Every structure is written in structure tokens, then in C-alpha cells.
Amino acid sequence: MSDVEEFFDRVITVKLAEDGQAVNIIDQTLLPGTVKRINLHTKEEMWEAIKKLRVRGAPAIGVTAAYGMAVLANQIEATTFDDFYRQFKACKDYLATSRPTAVNLFWALDRMDRCCQENSDLTPYQLKQVLYDEAGLIREEDVAISRNIGQIGLKIMEKLRPEGRPIGIMTHCNAGTLATAKYGTATAPMYMALEAGWAGADMHVYCDETRPLLQGARLTSFELSNAGITTTVQCDNMASMLMKQGKIDVIFVGCDRVAANGDAANKIGTSGVAILAKHYGVPFYVCAPSSTIDFATPTGDQIPIEMRDPDEVTEMWYKERMAPEGVDAFNPAFDVTDHELITGIITEKGLAQGNYAKAFKKLGLK
Ligand code: MRU
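Residues numbered from 1 in each chain as written. Predicted model: local features only at pLDDT ≥ 70, side-chain atom pairs only at ≥ 80, totals over all residues. Heavy atoms only, no water.

**Brief notes about the environment of leucine 365**
Tracing the backbone shows leucine 365 in the segment after α12 (356–362). Residues leucine 365 and glycine 350, 15 residues apart in the sequence, show an inter-C-alpha distance of 10.0 Å. Residues in contact with leucine 365, not counting those within four places in the same chain, are Ser290, Ile293, Phe295, Thr347, Lys349 and Phe360. (Helix = DSSP H or I, 4+ residues; strand = E, 2+ residues; numbered from the N terminus. Contact = heavy atoms within 4.5 Å.)

Next comes the structure, spelled out in C-alpha cells:
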């Protein structure tokens with residue numbers, strides 16, 4: 001087993017607990033210092049883990065919700081489908097209130113719901129097994145989707161690879177293994193490069209620290225350095241200097257929801273990186289599993305943006321408050337990058353460019 005595979009084996013972001021009675025996750029609020037797994041048995045524990053970002057990243061939230069629904073369904077005591085479905089739907093509606101932006105949450109909940117309704121002729125006992133299987137499928141599919149995205153991203157890296165020095169890659173937030181079932185989306189090209197025989201030192205990945213919750217510093221640099229990839233962390237406001245110095249050949253970021261016109265919501269600060277990339281002529285790619293594309297949302301203006309506790313900005317990482325008492329802090333969790341700033345959207349079905357609505361259609365996405 002390669003070092004990276006060994007790492008993936010050790011760091012499985014979300015899985016079903018061995019006894020099937022809980023969702024088992026790495027508590028990402030404790031990383032990078034402590035790698036601790038926790039079990040989520042109740043809907044309240046699942047909701048809290050998503051809300052507090054113990055598990056986070058759009059696809060990982062989707063997988064957690066899917067396994068969560070299977071576990072919760074298994075706890076239902078009912079003799080008829082109607083009674084079973086009423087309780088199932090109440091759990092679904094509750095989990096759906098945990099975070100608003102990542103569409104994968106709703107996508108996974110809806111898929112589990114469909115699976116439940118399409119199997120209404122089964123006994124509750126049989127239905128419970130079918131729901132476990134469906135959640136497992138969602139997880140497996142996520143792994144395959146990441147691999148496809150990674151292969152397309154790797155081709156882009158091969159084209160942009162400079163002579164005589166490692167390719168410089170910038171990423172924002174964490175769209176890595178910790179945000180998905182295995183390879184990540186923005187990190188998938190890097191992991192596919194390792195699989196294809198690149199050395200970790202053939203890439204130099206610059207991770208935006210990603211204020212205020214530090215997903216880049218705490219999570220992306222953790223997983224990439226563990227995979228043996230040369231990794232540097234910089235504060236978000238240092239990205240411009242790196243691009244000006246010509247250190248960045250390509251930017252890969254993830255996304256939480258892509259609108260039908262290609263506008264893409266991702267971690268707060270992403271749109272600023274895209275604006276800088278345009279200024280300095282650096283190709284800027286959004287890596288998007290099709291479950292992240294929301295065709296019901298016409299443009300980025302309609303994407304709901306989660307607002308979080310101001311204390312995350314002023315207090316969370318400090319011994320004492322870093323803004324005067326009484327001063328408010330602005331804390332949106334995501335922003336929307338205008339589609340015109342995006343060089344291409346890498347989906348598992350292919351690379352979309354130009355007119356994104358047309359390009360998605362051409363790729364068979366709807
Ligand atoms: O608030 P988070 O940490 O859940 O935000 C995560 C991101 O913005 C990721 O880039 C996105 O979900 C894509 S993960 C493949």
C-alpha cells in the first residue's frame with residue numbers, strides 16, 4: 001500500500017459505525033492536533049456535528065446525511081409504511097435545517113427520501129436494509145466522482161507544469177479528503193498525480209489559511225503534508241503577493257453550490273481569490289461533483305448564504321477578545337464567484353467552460 005493509500009485508510013472522514021448503529025466521523029474541530037473519531041447516534045448529534053463543522057465540506061455533509069438517515073430509519077418502530085415514512089420524513093426535515101448552503105445536504109436527503117418512497121411495498125425491516133445500501137452507494141459514488149474530477153484536473157496540471165520547478169497550486173478552504181469520502185475535489189488532481197507517479201515535491205501547494213475557521217491551515221495542510229506533498233500555508237491576504245511573484249500556476253477550489261449559470265458558492269474568500277487570479281492571469285478552476293450543481297437555482301444571487309456566529313471572528317482562536325466589546329463582526333460562511341471569473345468547472349462528466357448552462361447540458365448534466 002502506498003503512503004497515500006495508507007493515509008486514506010487511517011483518515012476516513014465519514015463511515016458507518018461497525019455495528020451500523022451510528023455515523024462515525026473524524027471530529028474535524030480537533031484537527032490537526034488530535035485525530036479523534038466520534039459516533040453520532042441521534043438526529044440531534046448529527047445536526048450538531050454538521051452545524052458545528054465537526055464534519056464539513058459539501059460532499060462529506062451529504063454522505064453524513066445519507067448514513068444519518070439510514071441509522072435513524074433503523075431506529076424507527078413502525079408496522080406500516082405510512083407510519084414509518086412519517087417518522088423518516090420528520091428526521092429528514094430536521095437534518096435539512098443544519099446548514100443552508102451546501103446543496104449536497106439536500107441532494108442526499110432527497111435521494112434517501114426517494115429511495116424510501118420507491119420501496120414503500122417492502123416491510124419496514126426490509127426497507128431499513130435498502131436504506132443502508134443506498135447510503136453506502138452514495139459514499140462509493142463520491143469516491144468514483146472524485147477520481148474522475150482528479151483525472152481531468154491532472155491533465156490540466158500536466159499542461160501547466162513548468163520546466164525546472166514544481167508546479168505551484170493554490171487552494172482555498174478544504175475541498176480535500178476531509179471534505180469528501182476519499183480523494184476530495186480540489187485535491188483530487190494532486191492525489192491522482194501521486195498515483196500517476198509524480199513525487200510529492202513535484203507540486204507545491206499553497207493553502208490559504210481560510211479565515212475565520214482555518215480549514216486551509218488546519219485541514220488542507222494536514223492532509224496534503226501527510227500525503228507527502230510540499231505544502232505552504234499563507235494568510236488569505238497573502239494570496240495576491242504569491243500570484244504577483246509568479247509562484248501560482250493554477251488554482252483549484254471546491255464549491256458548495258453551483259447555480260445553473262455557473263456562478264459558484266464556496267468558502268468565504270474564494271471570490272476574492274478568483275478576482276486576483278483574473279488580474280494576474282492565473283487559471284482558476286472550480287471542482288464540482290454534479291451533486292453540487294443546483295439547476296433549480298438560476299444564478300448565484302439566489303444561493304442562500306449561511307451567516308455564522310460573530311464570535312468565530314473575534315474570539316474563537318484568541319485568549320482574549322480581539323475586537324472591542326460591543327463591536328459586531330460580519331461572518332458569512334460562503335461567497336459566490338461570478339461565472340465569468342471561472343476558467344472552467346471540472347465535473348466528473350467532463351470540463352465545462354464558456355457558457356456553463358450549455359456546457360453542463362452538453363456533458364449530460366441536468
Ligand atoms: O464551511 P465548510 O468548511 O463546510 O466549507 C467547505 C467548503 O467551502 C468547501 O470548499 C466545499 O464544501 C467543497 S468540499 C469538496
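**Quick word on helix α8 (residues 215–226)**
In this model, α8 (12 residues) spans 15 Å end to end at C-alpha, consistent with the 16 Å of a helix rising 1.5 Å per residue. Along α8, nine of the 12 residues are buried, which leaves the element largely enclosed by surrounding structure. Considered for burial, the residues of α8 that qualify are Gln215, Gly216, Arg218, Leu219, Thr220, Ser221, Phe222, Glu223 and Leu224. Check the buried side of α8 and you find it contacts α1 (3–10), β4 (167–171), α7 (188–195), β5 (203–208), β6 (230–234) and β9 (264–267). The positive-phi residue at the C-terminal boundary of α8 is glycine 228, with phi of around 85°. (Expected span 1.5 Å × (residues − 1). Buried < 20%, exposed > 50% of the residue type's maximum accessible area, 1.4 Å probe, protein only.)

**Section: empty space enclosed by the protein**
To find leftover empty space, a probe the size of one water molecule is rolled over the atoms. Scanning all chains against the criterion turns up two cavities of 30 Å³ or more. Of the volumes computed, that of the largest cavity is approximately 180 Å³. Taken together, 23 residues make up the lining of the largest cavity; nearest its centre are Arg56, Gly57, Ala58, Asn174 and Asp256. Looking at the lining of the largest cavity, the elements with two or more residues in it are α3 (58–74) and β9. Of the residues forming the lining of the largest cavity, the biggest block, three residues, is contributed by α3. Here the lining of the largest cavity is built from residues that sort into 11 nonpolar, eight polar and four charged. Lining the second largest cavity are Pro212, Leu213, Lys267, Ile268, Arg308, Glu312, Asn331, Pro332 and Ala333. Classifying every residue of the lining of the second largest cavity gives five nonpolar, one polar and three charged. (1 Å grid on protein atoms, 1.4 Å probe; cavity = no way out; pocket = protein on both sides within 12 Å on 5 of 7 lines; lining within 4 Å. Points joined across faces, edges and corners; volume = space filled by probe spheres on them. Nonpolar A, V, L, I, M, F, W, Y, C, P; charged D, E, K, R; others polar.)

**Brief notes about the domain arrangement of the protein**
Parsing the protein into structural domains produces domain 1 (3–141) and domain 2 (151–362). Inter-centroid distance (C-alpha atoms) of domain 1 to domain 2 is 25 Å. Contacts between the two partners involve 29 residues from domain 1 and, on the opposite side, 36 residues from domain 2. For the pair domain 1 and domain 2, the summed buried area comes to about 2700 Å², and 59% of that belongs to carbon and sulfur atoms. Inspection of the region where domain 1 meets domain 2 yields two salt bridges. For the salt bridge of lysine 182 with glutamate 5, the shortest nitrogen-to-oxygen distance reads 3.2 Å. Residue assignment for the side of domain 1 that touches domain 2 shows that the elements contributing at least two residues are α1, α3 and α5 (103–118). Each residue belonging to the side of domain 1 that touches domain 2 can be placed in one class, and the counts come to 16 nonpolar, six polar and seven charged. (Domains from an automatic or database assignment. Buried area = accessible area lost by both parts, 1.4 Å probe. Salt bridge = Lys/Arg side-chain N within 4 Å of Asp/Glu carboxyl O.)

**A closer look at the layout of surface pockets**
In this structure, the largest pocket encloses a volume near 240 Å³. Lys52, Leu213, Arg308, Glu312 and Met316 are, among the 13 residues lining the largest pocket, the residues nearest its centre. For the lining of the largest pocket, the per-class residue count stands at four nonpolar, two polar and seven charged. When residues of the lining of the largest pocket are sorted by domain, at least three fall in each of domain 1 (3–141) and domain 2 (151–362).

**Quick notes on the environment of alanine 108**
Here alanine 108 shows up in helix α5. You can call alanine 108 buried: its relative accessible area is 0%. Apart from the residues lying within four places of it in its own chain, the contact partners of alanine 108 are Gly62, Ala66 and Ile138.

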